[in-house]
Amino acid sequence: MTVPKIAEATLASLSRQGMAQAEVYLKEGRSRRYVTEPAGTEVGLLGERGWAVRAGDRNCSFFATGTGFPNPEEAWPEPDGYPLRLPEPRPLGSWREPSDLDAPLLGEREGLALLEELSRCLTEELPVASLVSARLEDGSSRSWLASSRDLRASWRHRLASLLMVARTEEAEVRLRLSEREARRFHPPTLARALADRLTVRDRGRPGDRDRGEMLLAPAVGCRLLSLSTGYWIGPEAGNRLRNLSDPGGRIGSTAFTLVDDGRLPGGVLSAPVDGEGVPTRETVLVDEGRPRQPLLSWWQAREGRGTASGCSRRASWRDLPEPGPTHLYLRPHRPSPAVEMVRSVTRGYYLLDSPSEGRIDLESGQLTLPVYGFRLDSGRAVEPVSGMVLRGTVSSLLRGIRSVGRDVSFFPLDGMIGCPTLSVTGLELVPS
């Protein structure tokens, strides 16, 4: 029996048991995993096949999952959970499936060679450094969705993830990245990124408390955007943004435009529909400092707070769909080359990355983020700084964005979060 027929037979079985609302989600995929650690090297081929069923009515429902594919004739549990509402089918719109979804997974030799080259390039960049461990997973998957509301959808994903841990005698850094397929990872570029971070962590010392101009590298900007998703996602976001607004309704500088796009060309998570079969689209959340609308799922948008964005995500077939960003990024407006932004700083800091989690209090707007980078003087890096904390408020961050770079980079945080280099005033650096 084909996968679509399994889904249809399962829906029919649920209907015979009196389930007025029913949804069947099926997923299968495979991946190759390469791990290098002090204990040795590991290569594995992994397979995945699983299903999830939601069924019931507006009063009560059940949620069940399992490995393999479901037996349509099995006895389904009695509804004993929350009410169930399912979306209606909607026009898909224009969608062309990316050609690189058909790219083959890395072969065993190819994957190991990539990690070996990464280790070699790091040693060339920084002889005192070593690649302690690297975990590369290159996979592809396909999902199917069918519901009693005549919704039928299928989509594919191609995802490669790389986690690197590098070390010197005095410092250690971690860097996690994702691409649509593993061949996009470029070992010399990755090695330079690791070496830069290690050099700063190894040689940097805490500086004095300072409020100079801050250049935030994409990794730092992405961290701050990820921490602040409560301002952009869900029905509560509107009230929080109103607390940040000036009398003219603006929450940030004209350089701040924030977008979420489930169909971003080349995006790791790009798909025609979300995890509930609702068509994805580009949604402008903030346009040149003015809020447009929060990111809302179809059922949140039904309550009149905005337009559905197709943003229900499934972490796996074992999880219920939840609203969240797909490719949330700060779109450059009149961008500048990052190197020119550095040269323009008379006195300030270039903050390269964060060694640990930060925090944003959604009620007070207070933010803190551990950071490290370089002190800048007349456009030159004069000394590394580490052991520092960036702090301020969300409002001062958004209003203090003076210019943005053209180097948008995405990091796997809460979804894929993207940001260019930012020139910001109004924040403070203090020793941790």
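Refer to the structure above for everything that follows.
Residues numbered from 1 in each chain as written. Predicted model: local features only at pLDDT ≥ 70, side-chain atom pairs only at ≥ 80, totals over all residues. Heavy atoms only, no water.

Visitor: Quick question: what am I supposed to make of the overall build of the protein chain here?
Guide: What the protein chain contains, in helices and strands, is eight helices and 22 strands. Its C-alpha radius of gyration of 24 Å places the protein chain within 12% of the 22 Å reference for a compact globule of 432 residues. Residue burial in the protein chain is summarised as follows: out of 432 residues, 52% are buried. Contacts in the protein chain between residues at least 24 apart in sequence constitute 68% of all its contacts with a sequence separation of at least 6. For the protein chain, the accessible area works out to roughly 19,700 Å², and carbon and sulfur atoms hold 46% of it. (Helix = DSSP H or I, 4+ residues; strand = E, 2+ residues; numbered from the N terminus. Rg over C-alpha atoms; globule rule 2.2 N^0.38 Å. Buried < 20%, exposed > 50% of the residue type's maximum accessible area, 1.4 Å probe, protein only. Contact = heavy atoms within 4.5 Å. Areas by Shrake-Rupley, 256 points an atom, 1.4 Å probe, with all protein chains shown as cover.)

Visitor: Help me understand helix α2 (residues 108-125) in this model?
Guide: In an α-helix, one full turn covers 3.6 residues, which means residues spaced three or four apart are oriented alike. An ideal rise of 1.5 Å per residue puts 26 Å on 18 residues; α2 measures up with 26 Å between its terminal C-alpha atoms. Three or more residues of α2 are buried, namely Gly111, Leu112, Leu114, Leu115, Leu118, Cys121 and Leu122. Against the buried residues of α2 lie β1 (21-37), β2 (40-56), β4 (130-147), β5 (152-167) and α3 (187-203). (Expected span 1.5 Å × (residues − 1).)

Visitor: How should I be thinking about the environment of Arg192 in this particular structure?
Guide: Its location among the elements puts Arg192 in helix α3. With 74 residues separating them along the chain, Arg192 and Leu118 place their C-alpha atoms 9.9 Å apart.

Visitor: Honestly, the packing of aromatic side chains in this entry has me stumped. Any pointers?
Guide: Aromatic rings considered in pairs are described by the distance between their centres and by the relative angle of their planes. For the structure shown, the criterion picks out six aromatic pairs. With a centroid separation of 5.8 Å and 50 degrees between ring planes, the pair formed by Trp232 and Phe256 is classed as tilted. Placement of Trp232 in the loop between α4 (218-227) and α5 (237-244) and of Phe256 in the loop between α5 and β8 (258-261) is noted, with a sequence separation of 24 residues between them. (Phe/Tyr/Trp six-rings, centres within 6.5 Å; stacked < 30°, edge-to-face > 60°.)

Visitor: It is not clear to me how the sheet that holds β2 should be interpreted in this structure. Could you clarify?
Guide: Two strands in a sheet stick together by hydrogen bonds in their backbones, pointing the same way (parallel) or opposite ways (antiparallel). Here six strands make up an open sheet; going across it, the order is β3-β2-β1-β4-β5-β6 and the pairing antiparallel. Each edge of the sheet is formed by a strand with only one pairing partner; in this case those strands are β3 (61-67) and β6 (172-179). Direction aside, the axes of adjacent strands within the sheet are offset by 15 degrees on average. As paired elements, β5 and β6 share eight bridges and run antiparallel to each other. (Pairing = 2+ DSSP bridges. Axes fitted to C-alpha atoms, helices over the stretch in contact; angles between N-to-C directions.)

Visitor: What is the right way to read the pattern of salt bridges from this model?
Guide: Any two side chains of opposite charge can pair, given that their charged atoms come close. Counted according to the given criterion, the structure contains 31 salt bridges. In this structure, the salt-bridge partner of Arg135 is Glu37, at a minimum N-O distance of 2.8 Å. Of the two residues, Arg135 is situated in strand β4 and Glu37 in strand β1; the sequence distance between them amounts to 98 residues. Owing to a relative accessible area of 39%, Arg135 belongs among the partly exposed residues under this scheme. Three or more residues are tied together by salt bridges with common partners; here these are Glu23, Arg54, Glu276 and Arg314. (Salt bridge = Lys/Arg side-chain N within 4 Å of Asp/Glu carboxyl O.)

Visitor: How do you make sense of the environment of Arg32 when you look at a structure like this?
Guide: Within the secondary structure, Arg32 is located in strand β1. Between the C-alpha atom of Arg32 and that of Gly44, which follows or precedes it by twelve residues, the distance is 5.7 Å. In this view, Arg32 contacts Gly44, Leu45, Leu105, Leu106, Gly107, Leu136, Glu137 and Asp138; residues no more than four positions away in its chain are not counted. A polar side-chain atom of Arg32 sits 3.1 Å from the main-chain carbonyl oxygen of Leu106. (Polar contact = N/O pair within 3.5 Å; in protein donor to acceptor, adjacent residues only side chain to side chain.)

Visitor: I keep staring at the pairing of strand β14 (residues 347-353) and nothing clicks. Help me out?
Guide: Moving residue by residue along a regular strand, the side chains alternate between the two faces of the sheet. Along β14, five of the seven residues are buried, which leaves the element largely enclosed by surrounding structure. For strand β7 (residues 213-216) and β14, the ladder comprises four bridges, and the chain directions are parallel. In the sheet register, Leu216 faces β14, and the bridge partner there is Leu351. Bridge analysis of β14 against strand β16 (residues 366-377) gives six bridges, and the strand direction is antiparallel. Each bridged residue has a counterpart across the sheet, and for Tyr349 the counterpart in β16 is Arg375.

Visitor: Would you mind showing me how to read the nonpolar core here?
Guide: A general feature of soluble globular proteins is that nonpolar side chains tend to end up buried together. Residues Leu216 and Trp232 are the most contacted members of the largest nonpolar core, which totals 75 residues. When residues of this core are assigned to their parent elements, the largest contribution, seven residues, is made by α3. The residues contacting Leu216, other than those within four sequence positions of it, are Gly221, Leu224, Leu351, Leu390, Leu397, Pro420, Thr421, Leu422 and Val424. (Core = buried A, V, L, I, M, F, W, Y, C linked by side-chain atoms within 4.5 Å.)

Visitor: It is not clear to me how the layout of surface pockets should be interpreted in this structure. Could you clarify?
Guide: Gaps left between atoms are located by rolling a probe of water-molecule size over the structure's atoms. Approximately 1,200 Å³ is the volume found for the largest pocket. Taken together, 46 residues line the largest pocket, and the ones lying closest to its centre are Lys27, Leu159, Leu269, Arg314 and Ala315. Those elements that provide at least two residues to the lining of the largest pocket are β1, β2, β4, β5, β6, β11 (312-313), β19 (409-413) and β20 (415-419). Top contributing element to the lining of the largest pocket by residue count: β4, with seven residues. Taken together, the residues of the lining of the largest pocket break down into 13 nonpolar, 19 polar and 14 charged. Taken as a whole, the second largest pocket spans an internal volume of roughly 770 Å³. If you go around the second largest pocket, you meet 32 residues; those closest to its centre are Leu177, Thr189, Ser409, Phe410 and Phe411. Mapped onto the lining of the second largest pocket, the elements with two or more residues apiece are β6, α3, α4, α7 (338-343), β14 and β19. (1 Å grid on protein atoms, 1.4 Å probe; cavity = no way out; pocket = protein on both sides within 12 Å on 5 of 7 lines; lining within 4 Å. Points joined across faces, edges and corners; volume = space filled by probe spheres on them. Nonpolar A, V, L, I, M, F, W, Y, C, P; charged D, E, K, R; others polar.)

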